[in-house]
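Commentary on secondary and tertiary structure
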Amino acid sequence: MANNISVVVGLDFGIIYSGFSLCYVDDYDLSKIITNTEWPWEKGKSKTNTALRYDDEFKKVEFWGYPALYKKPNKKSRDNETKPIELFKLHLGNCLEKFKPKLPELLTYKRAITDYLCKIGELIKETILKYWSGIDFMEHVLLVLTVPDEYSENDIAILRECIFNAGLISDKRSERLQFTTELEAVAIYCMYSSLREHRLKEPGTTFMIVDCGGKYQLSEITKRARYLCSTFIDKEFIELLKREVGNSAIDLFSDNHYGQLQYLVHEFCQHVKLPFSGNNPYFSYEIDLEEIAPALLQYVTGSKRDLMEEKEWMITLDFDTKRVDEVFSKSVENISIPNQPVTAVSRGATIYGKGLLESRNLNNVKYVIPTRVLIYTFGVKISPLCEYGDPLDRLTSDGRIHKFRRIVERNTEITIDQEFIVENLVPIHPDQTKMSFEIYYTKEQNAVYCDEPGMKLAGSLLIDLPDVHLGPCTFCLSFGDMEIKAKAFNKLNGQNYQIKFENTHSSRVIWITTVKCLYVKPL
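Quick look at the structure, then. Being a predicted model, the structure only gives us computed values, none of them experimental.

**Some remarks on the overall build of the protein chain**
- Looking only at helices and strands, one finds twelve helices and 27 strands in the protein chain.
- The 523 residues of the protein chain split such that 53% are buried.
- Intrachain contacts of the protein chain at a sequence separation of at least 6 include 70% that bridge at least 24 residues.

**Re the pairing of strand 2 (residues 17-24)**
- In terms of burial, strand 2 is a largely internal element, seven of the eight residues being buried.
- Pairing analysis gives seven bridges linking strand 1 (residues 7-13) to strand 2, with the strands arranged antiparallel. Looking across to strand 2, one finds that Phe13 is bridged to Ser18.
- Linking strand 1 to strand 2, which pair antiparallel, is a turn of three residues.
- As judged from the two bridges shared by strand 2 and strand 6 (residues 48-49), these two strands associate in the antiparallel manner. Within strand 6, the position partnered with Tyr17 by the bridge is Asn49.
- The sheet contact formed by strand 2 and strand 3 (residues 34-35) spans two bridges and is antiparallel. Opposite Ser21, over in strand 3, you have Thr35 as the bridge partner.

**A look at the pairing of strand 18 (residues 377-382)**
- Here strand 18 pairs with strand 22 (residues 434-442) via four bridges, running antiparallel. Each residue of the ladder has a partner; that of Phe378, found in strand 22, is Tyr441.
- Pairing geometry for strand 18 and strand 19 (residues 403-408), over five bridges, is antiparallel. Within the sheet, the bridge partner assigned to Val380 lies in strand 19 and is Arg405.

**A closer look at unusual backbone geometry**
- Even without being a glycine, Glu312 presents a positive backbone phi close to 60 degrees.
- Examined against the element boundaries, Glu312 turns out to sit in the loop between helix 10 (302-310) and strand 15 (314-318).
- Unlike most non-glycine residues, Asn411 shows phi in positive territory, near 75 degrees.
- Mapped onto the elements, Asn411 comes out in the loop between strand 19 and strand 20 (413-415).
- Classification of Asn411 as partly exposed rests on a relative accessible area of 47%.

**Details of helix 12 (residues 344-358)**
- An ideal rise of 1.5 Å per residue puts 21 Å on 15 residues; helix 12 measures up with 21 Å between its terminal C-alpha atoms.
- Where burial is concerned, most of helix 12 is hidden: 14 out of the 15 residues are buried.

**Section: the packing of aromatic side chains**
- On inspection of all chains with the given rule, the structure shows 16 aromatic pairs.
- With centroids separated by 4.8 Å and ring planes inclined at 70 degrees, the aromatic side chains of Tyr376 and Tyr441 adopt a geometry described as edge-to-face. Taken as a pair, Tyr376 in the loop between strand 17 (366-374) and strand 18 and Tyr441 in strand 22 lie far apart in primary sequence, 65 residues in all. Taken individually, Tyr376 and Tyr441 each receive the classification buried, so the pair is uniform in this respect.
- Judged by centre distance (5.2 Å) and plane angle (20 degrees), the rings of Phe437 and Phe475 are stacked. Placement of the pair is Phe437 in strand 22 and Phe475 in strand 24 (residues 473-479), with a sequence separation of 38 residues.

**Considerations on the pattern of salt bridges**
- Under the definition given, this model contains 16 salt bridges.
- Between Asp390 and Lys403 there is a salt bridge, with the nearest N and O atoms lying 3.0 Å from each other. Linking Asp390 in the loop between strand 18 and strand 19 with Lys403 in strand 19, this pair joins segments that are 13 residues apart in sequence.
- The shortest N-O distance in the salt bridge between Arg394 and Asp451 comes to 3.1 Å.

**A closer look at the environment of Thr35**
- Among the secondary structure elements, Thr35 is positioned in strand 3.
- Placed twelve residues apart in sequence, Thr35 and Cys23 show a C-alpha to C-alpha distance of 8.8 Å.
- Look past the residues within four positions of Thr35 in its chain and what remains in contact with it is Phe20, Ser21, Ser46, Thr343 and Arg347.
- In terms of polar contacts, Thr35 uses its side chain to reach the side chain of Arg347, at 2.8 Å.

About the cut-offs
Residues numbered from 1 in each chain as written. Predicted model: local features only at pLDDT ≥ 70, side-chain atom pairs only at ≥ 80, totals over all residues. Heavy atoms only, no water. Helix = DSSP H or I, 4+ residues; strand = E, 2+ residues; numbered from the N terminus. Buried < 20%, exposed > 50% of the residue type's maximum accessible area, 1.4 Å probe, protein only. Contact = heavy atoms within 4.5 Å. Pairing = 2+ DSSP bridges. Expected span 1.5 Å × (residues − 1). Phe/Tyr/Trp six-rings, centres within 6.5 Å; stacked < 30°, edge-to-face > 60°. Salt bridge = Lys/Arg side-chain N within 4 Å of Asp/Glu carboxyl O. Polar contact = N/O pair within 3.5 Å; in protein donor to acceptor, adjacent residues only side chain to side chain.

Below, the structure is given as structure tokens:
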């Protein structure tokens, strides 16, 4: 890590909303972390929409963030309004195809991601200079980007490429860009914001984070879980609208007045989803469709219209619509909401980045997640000679059987960069000039073969062998913060080969995390 880093930026690039926080490295008071609340179009909001609006030829971004998506109701609004580009981040990860938005032919999801990161990046650069003059973004800033747990190494590689193309790093391999998972960022933030209130400072404490879309509810249970449900809460609101005014009315409203529909969803988020805590049984909010979505009224017909006219076009959302605490309170000892929950991801990412830089100095606050529990068994493919009892239908032409050699099994608690070693691996043939190590993983603990159901290829490592092979090789597998690393070496001649898996076709390793606070400076 470069020693000239002066500012850490935590960027929460979300599916629906995005925001960022920043701090000065030499300021040891973490309460002074700054979360941006000043956008070119408004002040006071800690996030803006992950949305873009292009010109007709998709050559230029005309609007980004809030202005790209929402449009206040206007009786003169024309039909067939140009639609913004949103939810494009769903093209990364293992999201089902039916949930991925269809993009215009002239636009790829990588271009959309790059364009959005470029726009928010411009604001980040301007914001830094407002607080600290003389900062060279390309030299003095550590950028920490949060990603969902399920992202593969390939997804992360794509994001790194997009960030480079957006002008936020000068080198695709730059260490000035670091990744952490959204869940780990929230966990770190909850540790920091809840030290006095709960027991999260105790080593070995385990807990679960529940993401309700803009609100993180923290409770102490045995395993962590990640629910990306913000999009689906909004969709459930639209389903509620359909039940009130009819499916066809909402479909026509969406097709012809998409901006007004999104403004209606925005009102729901601001007045219902975000303020709702589950603690007030008298919670209630009325949505006036005639005022907020006047264009919708023309599409409501039949009995639905008669009923809505009786209600004076009002929809009431109360406590019984959205309850979390009541469902879990009997089985969970402590359910709480940290301070500024909407900013938990970006602030946690900032604390994470600051911890990376300060890890050499124990006088500073250091929040780390040192141990994780694997939920997969990892191993390497080997090809020993056939033995008694091996199935004959698996026999190769040279009398061998391809098998799975377990290296580390699931449910093993590991530390960051802990190495797991397999020794005495030898080439199949004495005249081989190369040797391949294929790494597989599975949820089974006692798998035997690499083609068993559920077995997936994580990656492979190819090494050169000397003209005269000098003995067995040793293979080593380790697990970093956001990557799996493999290396092989020959003890006799010192040859050493290593690789980081960046192009795996499968999902990234999912961890069960035990969060520990190793050292906390008194607040």
